[in-house]
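Residue-level listing of the chains:
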Amino acid sequence: MKERFDCIVVGAGPAGSMAAKTMAENGVTVLLLEKHTEMGVPLSCAEAISVTGLNRLVDPDPAWISTYIHQALLVSPSQKTFLLHHPDAGYVLNRKLFDKKMAEEASFLGACVKVNSCVVGLLNGKGDGYDGVKVMENGQIKEYGAKVVIGADGVESWVARWAGMDSSLPLGKIESCAQYLLGELEVESDRMEFHLGHSLAPGGYAWVFPKSDSTANVGLAVTPDRASKKAKEYLDQFVKERFSHFKILESHMGGVPCFDRKMSLVKSNVLLVGDAGRLVDSLSGAGIANALLSGRVAGETVSRFIKNGKSSSVQLREYEERFFKEKGRELKFYSYCRAIFLKMTDEDLDEVVSFLNRYFGTTRVTSLQPISLVKTILQSNRRLLRLLRHLVW
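Below: a short report on this structure. Quick caveat: nothing in here was measured; it's all calculated off a predicted structure.

Comments concerning the overall build of the protein chain
Turning to step 1, where the next piece is worked out: For the protein chain, the helix and strand inventory stands at 10 helices and 16 strands.
Turning to step 2, where the next piece is worked out: Computed over its C-alpha atoms, the radius of gyration of the protein chain comes to 21 Å, within 12% of the 21 Å expected for a compact globule of 393 residues.
Turning to step 3, where the next piece is worked out: Expressed as lengths along the three principal axes of its C-alpha atoms, the size of the protein chain is roughly 65 × 50 × 40 Å.
Turning to step 4, where the next piece is worked out: By residue count, 52% of the 393 residues in the protein chain fall in the buried class.
Turning to step 5, where the next piece is worked out: Across the protein chain, the fraction of contacts at a sequence separation of at least 24, relative to all contacts at a separation of at least 6, is 70%.
Turning to step 6, where the next piece is worked out: On the protein chain, roughly 18100 Å² of surface is accessible, and the fraction owed to carbon and sulfur atoms is 50%.
Turning to step 7, where the next piece is worked out: Here the protein chain contributes 49 positively and 45 negatively charged side chains, and the mean placements of these two sets differ by 6 Å.

Right, dumping it as structure tokens:
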């Protein structure tokens, strides 16, 4: 007899752990599986999140916050700059600690958490559903049963593939990323940097996210079908130009998916959360906040499904409906913005930075509505408005 749970969550990143924690809080039996030997390792994230994106779902703990961000510096292709001051802009997390803490909270509430447990397949169930998962543990295959499976296994989601959910993306809808954790730097610990330019990072941008006044996550993203080199080659050039002295402490490579509304988040009794469901801001590549929210909504939906004794998996579609009711318009808007961004010239980017300096002047910003600001930027430029003519807002 295989061990059974109400729900199995595959992947213990922010989305998976939040889903497991939410269900455990509601008395649902949960198995949370992580293929790596410890949570948060290896790192595949720039670790930045807005204050609102984090605080609405998690109580901030100084133990896993590296820095508090109060400024954002935008640098154009011709080195024009715009500095935004904001008292509550965001955080740069210590994801290695944050991920561990999230999984620990799920465990404390009753979830069964296993590391070094690599899911290698889904178990076929009755009808078109699945009866659980097959897991490689200590060199042996073990089976665990469940009424519901949640795929929180990131951009390469095997759960999605095994369930027959089309998660494929063309090269233009994924970003190739490279990042270093650099030490021995001189940086402002409360200031993020965003660097633009098609020769610098084709179809993307470079970032400097401080983790202290001497260390920072420094990386960039490129759109593969617009780049002539690997992301790491562009990053090496940027680092040499940006810093006169540095030491590479860690190196990370990976991919970030763009939002794809055509992709379903639910099929039968399988749900996808976070990057596995392509729930990413297509303009910035930010995904932690959406991962946390999707995990919470999925966990609440499954909890109701289990506690109400539902036999039809149709009830699980409430997860997709609820999530997109709250975040769908925003994610779609940023997809449009990315389409426009990819058509912009370096001259357009220079003009955006100049406009921001004119628009804000010496005003000290205390609150910011990103979508309203982006719309204002687009409406300020006739060429950008022309790019919008085939897009429906």
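Quick word on the nonpolar core
Turning to step 1, where the next piece is worked out: Within the largest apolar cluster, 52 residues are counted, with the highest numbers of intra-cluster contacts made by I150, L292 and Y319.
Turning to step 2, where the next piece is worked out: Ranked by residue count, the leading element in this core is helix α6 (residues 288-307), at 9 residues.
Turning to step 3, where the next piece is worked out: Core analysis: the next-biggest nonpolar cluster, separate from the first, contains 35 residues, A221, L342, L349 and V352 among them.

Regarding the packing of aromatic side chains
Turning to step 1, where the next piece is worked out: All chains considered together, the criterion is met by 14 aromatic pairs.
Turning to step 2, where the next piece is worked out: Taking the centre distance of 5.6 Å and the plane angle of 75° together, the rings of F323 and F324 count as edge-to-face.
Turning to step 3, where the next piece is worked out: Positioned over the ring face of W158 is R161, at 4.3 Å from the centre of the ring.
Turning to step 4, where the next piece is worked out: Above the plane of the ring of Y234 lies K229, whose end atom (NZ or CZ) is 4.6 Å from the centre.

Overview of the side chain of T22
Turning to step 1, where the next piece is worked out: Looking at where T22 falls in the secondary structure, it is placed in helix α1 (residues 14-25).
Turning to step 2, where the next piece is worked out: Beyond its immediate stretch of four places on either side in the chain, T22 contacts G295, R296, G299, E300 and S303.

Some remarks on the environment of I340
Turning to step 1, where the next piece is worked out: Topologically, I340 is positioned in helix α7 (residues 318-343).
Turning to step 2, where the next piece is worked out: Among the residues examined, I340 registers a relative accessible area of 2% and is labelled buried.

Some thoughts on the environment of S284
Turning to step 1, where the next piece is worked out: With respect to the helices and strands, S284 occurs in the loop between β16 (270-272) and α6.
Turning to step 2, where the next piece is worked out: Distance in space between the C-alpha atoms of S284 and Y334 is 8.4 Å, their sequence separation being 50 residues.
Turning to step 3, where the next piece is worked out: A distance of 3.1 Å separates a polar side-chain atom of S284 from the backbone nitrogen of A286.

Let's talk about the packing of α7 against helix α9 (residues 370-379)
Turning to step 1, where the next piece is worked out: In the contact formed by α7 and α9, the axes pass within 11 Å of each other and the chain directions differ by 30°. Accordingly, the angle class assigned to the pair α7 and α9 is roughly parallel. Judged by the twist between their axes, the crossing of α7 over α9 is left-handed. Of the residues in α9, those touching α7 at R329, E330, F333, Y334, C337 and I340 are P370, I371, V374, K375 and L378.
Turning to step 2, where the next piece is worked out: The residue makeup of the contact of α7 with α9, split by class, is 8 nonpolar, no polar and 3 charged.

Quick notes on the sheet that holds strand β12 (residues 206-210)
Turning to step 1, where the next piece is worked out: Taking strand neighbours across the sheet as the criterion, the 8 strands line up as β3-β5-β4-β11-β12-β13-β10-β14 in an open arrangement whose pairing is mixed. Either end of the sheet is taken by a strand with one partner, and the two such strands are β3 (48-50) and β14 (247-257). Sheet twist, expressed as the average angle between the axes of neighbouring strands with direction ignored, equals 30°.
Turning to step 2, where the next piece is worked out: With 5 bridges joining them, β12 and strand β13 (residues 216-222) adopt antiparallel strand pairing. When the bridges of β13 are listed, F209 appears paired with N217.
Turning to step 3, where the next piece is worked out: In this fold helix α5 (residues 231-242) packs onto β10 (174-183), β11 (191-195), β12, β13 and β14, with an angle of close to 40° to the strand it touches most, β10.

Side note on the packing of α6 against α7
Turning to step 1, where the next piece is worked out: In contact at an axis separation of 8 Å, α6 and α7 are set at 155° when each is read in the N-to-C sense. The angle between α6 and α7 falls in the class roughly antiparallel. The handedness of the crossing between α6 and α7 comes out as right-handed. From α6, N290, L293, S294, V297, A298, E300, T301 and R304 reach across to α7, where they touch E318, Y319, R322, F323, E326, K327 and L331.
Turning to step 2, where the next piece is worked out: Among the residues making up the contact of α6 with α7, the classes are represented as 6 nonpolar, 3 polar and 6 charged.

Considering unusual backbone geometry
Turning to step 1, where the next piece is worked out: P42 follows V41 through a cis peptide bond whose omega is 0°.
Turning to step 2, where the next piece is worked out: Mapped onto the fold, P42 is located in the loop between β2 (30-33) and β3.
Turning to step 3, where the next piece is worked out: A positive phi is found at N116, a non-glycine position, where the angle reads about 55°.
Turning to step 4, where the next piece is worked out: In this structure, N116 sits in the loop between β6 (112-114) and β7 (118-124).
Turning to step 5, where the next piece is worked out: One non-glycine residue, S268, lies in positive phi territory at about 55°.
Turning to step 6, where the next piece is worked out: Mapped onto the elements, S268 comes out in the loop between β15 (266-267) and β16.
Turning to step 7, where the next piece is worked out: On the accessibility criterion, S268 (12% relative accessible area) is buried.

Cut-offs applied
Residues numbered from 1 in each chain as written. Predicted model: local features only at pLDDT ≥ 70, side-chain atom pairs only at ≥ 80, totals over all residues. Heavy atoms only, no water. Helix = DSSP H or I, 4+ residues; strand = E, 2+ residues; numbered from the N terminus. Rg over C-alpha atoms; globule rule 2.2 N^0.38 Å. Buried < 20%, exposed > 50% of the residue type's maximum accessible area, 1.4 Å probe, protein only. Contact = heavy atoms within 4.5 Å. Areas by Shrake-Rupley, 256 points an atom, 1.4 Å probe, with all protein chains shown as cover. Lys, Arg positive; Asp, Glu negative; His and termini not counted. Charge placed at Lys NZ, Arg CZ, Asp CG, Glu CD. Core = buried A, V, L, I, M, F, W, Y, C linked by side-chain atoms within 4.5 Å. Phe/Tyr/Trp six-rings, centres within 6.5 Å; stacked < 30°, edge-to-face > 60°. Lys NZ or Arg CZ within 6 Å of the ring centre and 35° of its normal. Polar contact = N/O pair within 3.5 Å; in protein donor to acceptor, adjacent residues only side chain to side chain. Axes fitted to C-alpha atoms, helices over the stretch in contact; angles between N-to-C directions. Parallel < 35°, antiparallel > 145°, perpendicular 65-115°, else oblique. Left-handed = near helix turned anticlockwise from the far one by under 90°. Nonpolar A, V, L, I, M, F, W, Y, C, P; charged D, E, K, R; others polar. Pairing = 2+ DSSP bridges.

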